Amino acid sequence: MARTTDIYCKVCNAKSVIERTERIHSEFARYYCVCKNPQCGHRFVMNMEFSHTTRSSKLTKENLLKLTLQQLSQEDKDNLMRLLKEESR
Ligand SMILES: [Zn+2]
C-alpha cells in the first residue's frame, strides 16, 4: 500500500523528485523538487501540510510511557524512582 509521493512538474507534467525536505515543524514541511525531464529542469517547492487524523494512533499515552520505560537502563530507572520519590515528598 505504501508508495512514494508522485509529484509532477507543472510546466511539462513530467515526474519530479524531492531533492530536499525542510521540516518546519511536525505538521508542516517544504519539499524542494526537481523536474526529471532533462529538457525542462524546473526546480520548485511544494508545501506539505498535515490535514487531519482518519484513525487515531495506537501509541496512546500509556503505551508511549511503556515504550519509553523499556528503553531505559536500570540506572536510569533508579534515578527516575529517586526523582519520583523526591517529587511526592
Ligand atoms: Zn518540467
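Residues numbered from 1 in each chain as written. Predicted model: local features only at pLDDT ≥ 70, side-chain atom pairs only at ≥ 80, totals over all residues. Heavy atoms only, no water.

Asker: Would you take a moment to explain the UniProt feature "domain: Zinc finger Ogr/Delta-type" (unreviewed entry) in the protein for this structure?
Answerer: Under the UniProt annotation, the feature "domain: Zinc finger Ogr/Delta-type" (unreviewed entry) is placed at residues 9–53. Helix and strand shares over residues 9–53 are 0% and 58% respectively, and the end C-alpha atoms of the span are 28 Å apart. (UniProt positions renumbered as here; feature names shortened; annotations may be inferred. Helix = DSSP H or I, 4+ residues; strand = E, 2+ residues; numbered from the N terminus.)

Asker: When you look at the pairing of strand β3 (residues 28–35) in this model, what are you seeing that I'm missing?
Answerer: Every other side chain in a regular strand lies on the same face of the sheet, so the side chains alternate between the two faces. Among the eight residues in β3, six count as buried, and that is most of the element. The hairpin formed by strand β2 (residues 15–25) and β3 contains two residues between the paired strands. As defined by bridge partners, β3 adjoins strand β4 (residues 43–49) across seven bridges and the pair is classed as antiparallel. Bridge pairing in β4 links A29 to M48. (Buried < 20%, exposed > 50% of the residue type's maximum accessible area, 1.4 Å probe, protein only. Pairing = 2+ DSSP bridges.)

Asker: Explain the packing of aromatic side chains here, please?
Answerer: Inspection of every chain in the model, using the stated rule, returns zero aromatic pairs. Cation over ring: R20 sits above Y32, and NZ or CZ is 4.1 Å from the ring centre. (Phe/Tyr/Trp six-rings, centres within 6.5 Å; stacked < 30°, edge-to-face > 60°. Lys NZ or Arg CZ within 6 Å of the ring centre and 35° of its normal.)

Asker: What should I look at first to understand the coordination of the zinc ion in this one?
Answerer: Six octahedrally arranged donors around a metal ideally form angles of 90 or 180 degrees; four tetrahedrally arranged donors ideally form angles of 109.5 degrees. Looking at the zinc ion, the protein donor atoms are C9 (SG), C12 (SG), C35 (SG) and C40 (SG), and they sit 2.3 to 2.4 Å from it. Because the angles between the four donor atoms bound to the zinc ion fall within 95 to 116°, the donor set is best described as tetrahedral. Here the donor residues of the zinc ion share one chain and are spaced in sequence as C-x2-C-x22-C-x4-C. Taken as a pair, C9 in the loop between β1 (7–8) and β2 and C40 in the loop between β3 and β4 lie far apart in primary sequence, 31 residues in all. For C40, a relative accessible area of 27% gives the class partly exposed. (Donors = N, O, S within 2.8 Å, 3.2 Å for Na, K, Ca; no water. Tetrahedral: all angles 85-135°; square planar, octahedral: opposite > 155°, others 65-115°.)

Asker: Help me understand the side chain of S16, please; the structure alone is not making it clear to me.
Answerer: Residue placement: S16 occurs in strand β2. Within the structure, the side chain of S16 is placed 3.2 Å from the backbone nitrogen of C9, a separation counted as a polar contact. In contact with S16, other than residues within four places in its own chain, are I7, Y8, C9, V34, C35, K36 and F44. (Polar contact = N/O pair within 3.5 Å; in protein donor to acceptor, adjacent residues only side chain to side chain. Contact = heavy atoms within 4.5 Å.)

Asker: Can you help me understand the domain arrangement of the protein in this one?
Answerer: Note: interface size is frequently given as the accessible area lost on complex formation between the parts. Split by domain assignment, the protein resolves into domain 1 (1–50) and domain 2 (57–89). A straight line from the C-alpha centre of domain 1 to that of domain 2 covers 40 Å. (Domains from an automatic or database assignment.)

Asker: Where do I start with the pattern of salt bridges in this structure?
Answerer: Once their charged atoms are close, side chains differing in charge can pair, the charge on each being opposite to the other. All told, the structure shown has three salt bridges when counted by the stated rule. We note a salt bridge from K15 to D6, for which the minimum N-O separation is 3.4 Å. In this structure K15 comes out as partly exposed when scored by relative accessible area, which is 47%. A salt bridge links E86 to R82; the nearest nitrogen and oxygen atoms lie 3.7 Å apart. Here R82 and E86 lie together in helix α2 (residues 74–87), a separation of four residues that amounts to about one turn. The class for E86 is partly exposed, based on a relative accessible area of 40%. (Salt bridge = Lys/Arg side-chain N within 4 Å of Asp/Glu carboxyl O.)

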